[in-house]
Amino acid sequence: MAAPELYSKFARIWIPDTTEVWRSAALTKDYRPGDTVLHLQLDDETESEYKLDPKSGVLPPLRNPDILVGENDLTALSYLHEPAVLHNLRVRFTDSKLIYTYCGIILVAINPYESLPIYGSDIINAYSGQNMGDMDPHIFAVSEEAYKQMARDEKNQSIIVSGESGAGKTVSAKYAMRYFATVSGSSAEASVEEKVLASSPIMEAIGNAKTTRNDNSSRFGKYIEIGFDRKHHIIGANMRTYLLEKSRVVFQACEERNYHIFYQLCACAHLPQFEPLKLGSADDFPYTNQGRSPVIEGVNDLKEMEATRKAFSLLGITEAHQMGLFQILSAILHLGNVELKERGSSSCCTSDESGHLGVFCDLTEVSYESMAHWLCHKKLKTATETLNKPVTQLEAINGRDALAKHIYAKLFSWIVGQVNKALSTSSKPHSFIGVLDIYGFETFEVNSFEQFCINYANEKLQQQFNMHVFKLEQEEYMKEQIPWTLIDFYDNQPCINLIEAKMGLLDLLDEECTMPKGSDESWAQKLYNTHLKKSSHFEKPRMSNKAFIILHFADKVEYQCDGFLEKNKDTVNEEQINVLKASKFALLVELFQDEETPAALSTTAPSGRAKAGRSIQSVREHKKSVGLQFRNSLHLLMDTLNATTPHYVRCIKPNDVKAPFMMDPHRAVQQLRACGVLETIRISATGFPSRWTYQEFFSRYRVLMRQKEIISDRKLTCQSVLERLVQNKDKYQFGKTKIFFRAGQVAYLEKLRADKLRTACIDIQKTIRCWLARKKYLRIRQAAITLQRYTRGHQARCLYKTLRRTRAAVIFQKCTRMWAARRQFLRQKAAAVLIQRLLRGYTARLEHKRLVCEHKALLIQRWVRGFLARWRFRRIKRAVVYLQCCVRRMLARRELKKLKIEARSVEHYKKLNFGMENKIMQLQRKLDEQHKENRELSEQIRQMESHSATELEKLHLQLKTLQDAEEESRHRGDRVTSLQEELELVRQELEKNKEMVSELNEKNTLLKSEKDEMNRLIQEQEQQIKEKSESMHEEVTEHMQAQLNEERFRYQNLLSEHLKLEERYADLRSEKEAAEELSKPGHNRADSGYSSSQSESVHSSVLTGSEVSSLEREDAVQTAADVSLLLKLQRRVAELEKEKMDLQGEMDTKEEQLQLERTKELEDCRRLLGAERDFEALKRQELESDNKKLKKDLQELRQSLSKGLGSKVASPGGQAYNVLLEQLNSTTEELEMRKEEVLILRSQLVNHEAFKHKETRTEGDSGDSSRSPTLDLHELNEDGELWMAYESLKETNRILESQLQTQGQSHEKEVEGLRAELQRLRAELGHQQQMLSDSLELPHDARIQASLQHEISRLTQQNMDLLEQMGKQDKMVRKLKKHLKIYMKKFGEAEGVHIEQSSPENMVGESGHTVSIVRKERDFQGMLEYRREDESKLFKILITELKPRGVAVNLVPGLPAYILFMCLRHADYANDDQRVSTLLNSSINTIKNVLKKRGDFETISFWLANTCRFLHCLRQYSGEEAYTKHNTPRQNEHCLTNFDLSEYRQVLSDLAIQIYQQLIRVIENILHPKIAPAMLETETIQGVMGVKPTGMRKRTSSVHEESAHSLESILKQLDVFYYTLLQHGNDTEVVRQVIKQQFYVFCSVTLNNLLLRKDMCSWSKGLQIRYNVCQLEEWLLDKDLQGSGARESLEPLIQAAQLLQIKKKSQDDAEAICTMCTALTTEQIVKILSLYTPVNEFEERVSILFIKSVQTLLKDRKESSQLLMDAKIIFPVTFPFNPSPVALETIQIPSSLNLNFLTRV
């Protein structure tokens, strides 16, 4: 795009201005090449002209579109220049109250001069874990980026905080350290974070002072290294200081103060412990009263002193040392009060009238005479002698001040050393983050040695910054593979060489200091002679010979040479120092030890970073020049920074009057130029500053694309569009993932987009206006038609009414006449009909009487004849049945005799098979039921006979009744006439009564209305009273509920704190034990890093593989690698191979043993299974045949009874009937005996065949002689049925045997596969050994690196694979052992049954008959018994090894809790208090350990459900009436009887609360990273959201974004949580509370991100949030969770979305906002309104006046001032009592749990 086209009419530009630096204006006329004047219109609508330079032809800079104003990153602006940067910062700072802004890799921080609520723990939590570009700019974002890069890249980091005095450097560094201390925590040493933070108030007290620019200005530079371990926890810190301003101890300018510590001491002078220091007010000491401003507004020095002493104590500085420090500081103040009087022209003396010198000597415990003498004298050494020379008063005063400065410097260094000692750690830090708080570029009217050193340091830092920015820019271009040219940037190396190179300013200064008569003037002349006109960065002032000018990168600075030599020498009288060294004050002597190093080099750099710091210091260290010390420390600092990844924070001072949120443009531009911000902008502008991904470009500029240009490949689509829109291809470049634009191109594209949208809006407006006009026309036309229709309708209705009335009159006349005629006719007709009716009725009654008499006679004849025929038939039938019974009885007795003989022969077998009695008794019960049914049938027969007799009697009675009714009918006919007459009279009376009733009804209606009115008034009064009482009750209830929730919340917080302390105690104990183990001689590590113990098992050696590898890696990094390390690795490989061979041998042995056991087991199982299945099949067939026979006999009996009932021969109670019943009973008894004998014989046959070989071994030759060795099956089974069943079962047995063989073959194949896998691993190991030996042939360095990386990673992977294989083998062995136990159990049961059957105790011989013994069903009491030695096994299986995804999936919900409670019931039943206590305590501790080791969601949910169920069981069976009323009578019988476990119920309740809180934390950890992308970032409504035209440029050092989470994934995760909780059996109320907590997390995280992300506050984002909330509400509705309170927890988020979409212009809008946003605080409402950012040009920003009006309306609200919601809060949880309907005696323990040692009681 050519320049003239951009400078068209209405284009906005920036022009220079003397007041505002830059001023905005708009072109009123197009610019054409060659024009010398631009016609402008300023913002105040005044016309102006701007003259152009015809030579340069430079046009004024263009202004960015309003849509880009206020962006988070300055490099994202389309036009990158000074006015754009200044305007963007001013808008963010003054309008939006945002103090942080990114500028590429720099964080620009503007001092607000006001405390802001943006540094709390909630803000820290919100920024923790977030990418740098995702949140609004903040010091915490930079800190998080440094922390994340340290953890990810394993590289040290640095945060460089710079700026001039009063810009807020110290506060920024303090907040950065607070962030690290908060998010990291300490690993081993207690309170390391607190110590790191405690160092700040100490250093502020001794190193900060009030200046004219800042009330808390740091007068020294410091670099703090915060050390982290491998887990990225803080383990220590280290501090280095630079260039303390010692001159402030003895001199302060007007309106300034000395260091804070002096004023804090003076504020404590009245305290008893400070009385020996003999202090007073700060105005009493010259060292503190020179600035005439001893008090800082809003600062209490007494409270600050308390904070300082507290920090000293926290860092381990004892009270004695603290008082020693204060004693030395007090001595310095008293030294400043020592008066030195002139005595003569060349000497002086001390005047101690005030006694301050004596106080100084007493406090320092030095000789008064010596100190008084050497204050006024100095020692001169010549070649032959030493002379004491008196000094002048001025020299003495300077010497006194020099001594005070030197003492303070030494004390400062000692305190820094003590702080470092307190922050140091025994272990070496794995990595560190350094925070550099150093002075920025300074220039004053008079600049001296201090400003020279400060600006020299800033030159070095700026050089490092320029190189880093250049490097990042070029890396970005190379990464995207786009052509680039070398970017020109300012190189300040010549300026640095001027200062520090050979024969530079510092060298010449040190040289002049060594000269006997060196002076500032002579040094200045040397500078002129050496550098003037030879260096472009050095100049000489025109009017001075004692000054020089250096052209720094930021500005040109003139330095005055006066005092340079004296400040560089920093001379102190040696004899005064010797007097102090001779002091009896131990702390003072310690300060002046020769071994002590100066402050700047008091801390040695970490290993490998700077070897210069390790050099041996001179004995006369304090004689080294200050410039040399500073240069050395600065070089050390630069080496440290170059070895780290830097992060830059540039602090800006907005104004000099310390006014809040007011920016002085001149001061701001000056600092932006000095701190490198504009240099970053310039470097970015020379390249391609605007960068878009292809998808972002497509989404934003979709409106500029044609349909044919849109294809599936976004890159090709963007290329075709840009080639059409931008003709100059140099204005953009296509990278791999991004499009790079030159400066101004995004603004051009935005202009095209706005024009296209504006055209579309005009078309839309035209269409809408046409539609509105047409709609109005149609509405008017419809109204006219309607009026016409109604008018015509009215006229038609009037005509119709007239015609209708005429016709109605005619019809009325016709009907009246017809009614009169019809009434006369009907009267005559009724009289005729009445006569006919009476006559015909009389005739009909006579005929009816005759017919009734005939019918009754026929009925009597029929019943009599039937009775006689039935009587004859019954008599004949009884005789026939009697004969049949007699014959059958004779035959039955013969059969009975025969069966008794057979029964005696098989009686022995029947006794041997006594185990079948249960089945026989079942058959006997079935026969009893049949007998009962027979008796019921006979009873029914009797009832039917009695019923027939009663029916006959009823018929006789009916006949008599009919005869009586006939007589009555005759009499009633006579009464009809009289009744008709009476009826007429009654009608007349009825008419009279009706009239009376109508009158009464009217009165009643009036009374009812009065009554209703009274009732209504009474009800209204009752309703009012009820509402008042209910409102009062609700208020009281809500108040009580709030108090209860508050107490519950406080209790649960204390509980969580207690849990944390317990975990901390457990960690410390485990660490102590580990340390003790390491300290044992038997566990010392060998040189190779592996354990020297040879008794370790294979499993432990495998587990320590990864630890060994990590230890080796550490050793490799810390020490120089050599060939011996490779040999160690080879030895370790050999050890692993040997372990593999041993493991393979053990596996082969186990496989052989397992194969033998399996073969033997299969043989036994085949025999056992065959016998058992034969036995079961025989019993089943017998039962089926018996059932069929019984049904047949019952059917025959019913038929016989029905025949007997029909023939009426035999009646109940008769002789034949009794004979029949007796015969049936005897037949039944014989049948039962027959069945018992058959079953006994058949079962004995099966047992004989199945256990033949066992009987041979156990009985030998002493077998029972009564048992025949050869049984004739045909004799036992007369019909052949038993033989057929036995043959079929043998066939089944063969099939099962073949299946077992197939299973055995599959197991053998698996074993072969495992062997092949071991062979493969052995071959791979050999191959890796070969590779290791080949690596020895490589060069030394390559061999070391390649071998270490390859071998260590490979061995670790092999160890992990071997461990996995061992786990699989262990599972297989456990499975086979489990099957073996099951088979052995069955074998034992079968053998036990055989022994029991063959026992002689079961033989019961009686002479008369066989007695049946019925075995009762065992009644369990719902208890489980176990041995005491099995207690640990119970907890291991039931709690430790039970996994929710394993066996527990198929369990009854809460089964572990039921089992534990049933065991507890048995201990209570046995009155064993020790077992009860052990069971409960061990269960609780084991659950805690399991949750500590396996903290996944499913495990926590599973044990939350079981803990709650255990708690409910303790309540349900406690015996308390409040709980037992929900139980069944059977459950109440199972209540605990001996112990009151209410205290343990409280312990279990606390455990459930802890588990619930852990569950909530796990859910939060899972959901937290997904919520913000799903709720805010993912575009759920396609086409509504647009990418804002900022390019959304991420920091190049930021972590790559993970795959975006959608709302659908969130809902799926909620489904997983919900169904998992229900599957594990959690109570519904607990599930509702969990869901409510989850939705609160949704709301808090989303709202917090909204409040901290300016790019998210837009109208379209509000629409997206409302849509996402609706999806969540639908999920609640689908799960029927509307009443859980989850919907209410989303209310703040809903109101925030509505606030983004509501109109924000008028006062009515402000009132509507205040009425609507009741769930949001005032801070949140104002923050959202301030952050509201239009995405399109058609939207408008919220004005400041509107925000102020909203604040005014909300000022009366009483609410928290906290900005963010507390996302970590956990609502109080309750566990309502939920009784279980499950009966304990019905619970079955699955065999898969392997709890065979538990016995049901």
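In this text, all values refer to a predicted model and were calculated from it rather than measured experimentally. (Residues numbered from 1 in each chain as written. Predicted model: local features only at pLDDT ≥ 70, side-chain atom pairs only at ≥ 80, totals over all residues. Heavy atoms only, no water.)

1. Comments concerning the pairing of strand β2 (residues 21-27)
Turning to step 1, where the next piece is worked out: For β2, the tally of buried residues reaches five of seven residues, placing the bulk of the element in the interior.
Turning to step 2, where the next piece is worked out: Of the pairings in the sheet, the one linking strand β1 (residues 12-17) to β2 comprises six bridges and is antiparallel in character. By the bridge assignment, Trp-14 is partnered in β2 with Ser-24.
Turning to step 3, where the next piece is worked out: Here β1 folds back onto β2, and the loop between the two strands holds three residues.
Turning to step 4, where the next piece is worked out: Note: β2 against strand β3 (residues 37-42), three bridges, orientation antiparallel. Looking at the pairing, Ala-26 lines up with Gln-41 of β3. (Buried < 20%, exposed > 50% of the residue type's maximum accessible area, 1.4 Å probe, protein only. Helix = DSSP H or I, 4+ residues; strand = E, 2+ residues; numbered from the N terminus. Pairing = 2+ DSSP bridges.)

2. Describing the side chain of Lys-1570
Turning to step 1, where the next piece is worked out: By the element assignment, Lys-1570 lies in helix α43 (residues 1542-1577).
Turning to step 2, where the next piece is worked out: What Lys-1570 contacts, discounting residues up to four positions off in sequence, is His-1605, Ile-1610 and Gln-1613. (Contact = heavy atoms within 4.5 Å.)

3. Focus: the pairing of β3
Turning to step 1, where the next piece is worked out: Judged by which residues are buried, β3 turns out to be one-sided: Leu-38, Leu-40 and Leu-42 face inward and are buried, whereas Val-37, His-39 and Gln-41, on the alternate face, are not.
Turning to step 2, where the next piece is worked out: Across five bridges, the pairing between β3 and strand β4 (residues 47-51) is antiparallel. Residue Leu-40 lies in a different strand from β4, and its bridge partner there is Ser-48.
Turning to step 3, where the next piece is worked out: Joining the antiparallel neighbours β3 and β4 is a turn of four residues, in which Glu-45 adopts a positive phi near 70°.

4. Concerning helix α22 (residues 665-675)
Turning to step 1, where the next piece is worked out: With respect to burial, α22 is a largely interior element, eight of its 11 residues being buried.
Turning to step 2, where the next piece is worked out: Gly-676 lies just past α22 and shows a positive phi near 95°.

5. Concerning the UniProt feature "binding site: ATP" (unreviewed entry) in the protein
Turning to step 1, where the next piece is worked out: As annotated in UniProt, the feature "binding site: ATP" (unreviewed entry) corresponds to Gly-163, Glu-164, Ser-165, Gly-166, Ala-167, Gly-168, Lys-169 and Thr-170 in the numbering used here.
Turning to step 2, where the next piece is worked out: Within the secondary structure layout, Gly-168 lies in the loop between β7 (157-162) and α5 (169-184).
Turning to step 3, where the next piece is worked out: When neighbours within four sequence positions are excluded, Gly-168 is seen to be in contact with Asn-111 and Cys-651.
Turning to step 4, where the next piece is worked out: Lys-169 has contacts with Val-161, Ser-162, Gly-163, Glu-164, Asp-437, Ile-438, Tyr-439, Gly-440 and Cys-651, leaving out every residue within four places of it along the chain. (UniProt positions renumbered as here; feature names shortened; annotations may be inferred.)

6. Remarks on the sheet that holds strand β21 (residues 690-693)
Turning to step 1, where the next piece is worked out: With antiparallel pairing, three strands are arranged side by side in an open sheet as β21-β23-β22. Looking at the sheet topology across the chains shown, the edges are occupied by β21 and β22 (732-734). Neighbour-to-neighbour, the strand axes of this sheet turn through a mean angle of 20°, independent of strand direction.
Turning to step 2, where the next piece is worked out: Packed on one face of the sheet, helix α14 (residues 449-480) meets β21 and β23 (738-741) and runs near 130° to β23. (Axes fitted to C-alpha atoms, helices over the stretch in contact; angles between N-to-C directions.)

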